[in-house]
Amino acid sequence: MRVSGFMIPKEKVISVSPTDTVRKVMDLMIEFGIGAIVVIREETKIIMGEDGKTHTGETMSLPMPMGIITKSDIMKAYADKVDIDAECTTIMTGDSAQELITCVPSDDRDKAASLLEKFHTHHVVVVDEEHAHFVGLVSSYDIAAECAKDDRAWPYLRNEETGEIEIKVKERKPRSPPPPAPFHPEKPTTIENHKHDEFTTYMDDLDLMGFQ
């Protein structure tokens, strides 16, 4: 499953600007019942031409991720006696001391999970492959939920983009018709005439009952 198929899109992610305070971050966490908030700054990008070298003269504003603030950062800020009205950038993860962990929408679930494992974190910021602007967020919960969906879908595969069940893992080979049962008019072949001493005899009885 691709990250684009299960990430939280940017429209549903709560974010703040670099000038917002630690107090506002905590208020948002309490209000929305969330454990992470992304710090975003708007950046103007020049639109390049098709050759990738010349620009068209047009610009666009893109949300660039600066960092992320989690409940752990809030707890550390409290322990360090950080001023509650200080700018949120003072406590965010993603500053010069600790680089922001990111992935792209085309990465698969296992790639995102490996980042969580490698950096001992619970969130990965998803950025656009071309301009590196913010497009979504992935949490350890999202990855766990995807694993559970894969487990429930077995023995089928899920589409990497949509998550819909679509392909059977292993196609069953057509079953060979059973050999005709011997005909004994004086002793009809029924389930009662079989001794269930082996698994195969159960299969024979099912065949006789019409379960093909």
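Residues numbered from 1 in each chain as written. Predicted model: local features only at pLDDT ≥ 70, side-chain atom pairs only at ≥ 80, totals over all residues. Heavy atoms only, no water.

### Some points on the overall build of the protein
- Along its length, the protein carries six helices and nine strands.
- Counting over 212 residues, the protein shows a buried share of 33%.
- For the protein, the proportion of contacts with a sequence separation of at least 24, taken over those separated by at least 6, is 54%.
- Roughly 14,500 Å² of accessible area belongs to the protein as shown, and the carbon and sulfur atoms make up 54% of that amount. (Helix = DSSP H or I, 4+ residues; strand = E, 2+ residues; numbered from the N terminus. Buried < 20%, exposed > 50% of the residue type's maximum accessible area, 1.4 Å probe, protein only. Contact = heavy atoms within 4.5 Å. Areas by Shrake-Rupley, 256 points an atom, 1.4 Å probe, with all protein chains shown as cover.)

### Observations concerning the side chain of Arg 109
- Tracing the chain through its elements places Arg 109 in helix 4 (residues 109–119).
- Classification of Arg 109 as buried rests on a relative accessible area of 14%.
- A distance of 2.5 Å separates a polar atom in the side chain of Arg 109 from a polar atom in the side chain of Asp 150.
- Once residues within four sequence positions are removed from consideration, Arg 109 is found in contact with Met 1, Phe 6, Ile 143, Glu 146, Cys 147 and Asp 150. (Polar contact = N/O pair within 3.5 Å; in protein donor to acceptor, adjacent residues only side chain to side chain.)

### Describing the pattern of salt bridges
- Across all of its chains, the model carries eight salt bridges by this definition.
- Notably, a salt bridge pairs Glu 43 with Arg 41, separated by 2.5 Å at the nearest N-O pair.
- Under the relative-accessibility criterion, Arg 41 is labelled partly exposed at 35%.
- Glu 146 is paired through a salt bridge with Lys 149; the nearest N and O atoms lie 3.7 Å apart. (Salt bridge = Lys/Arg side-chain N within 4 Å of Asp/Glu carboxyl O.)

### What about helix 4?
- Listing the buried residues of helix 4 in full gives Arg 109, Ala 112, Leu 115 and Leu 116. Buried residues of helix 4, viewed axially, fall in a sector of 125 degrees; they line one side. Residues of helix 4 that are exposed and angled more than 90 degrees away from the buried face: Glu 117 and Lys 118.
- In this structure, the buried residues of helix 4 make contact with helix 1 (3–6), strand 5 (102–103), strand 6 (123–127), strand 7 (134–139) and helix 5 (140–153).
- Backbone geometry just after helix 4 places His 120 at a positive phi near 55 degrees. (Arc of directions from axis to C-beta.)

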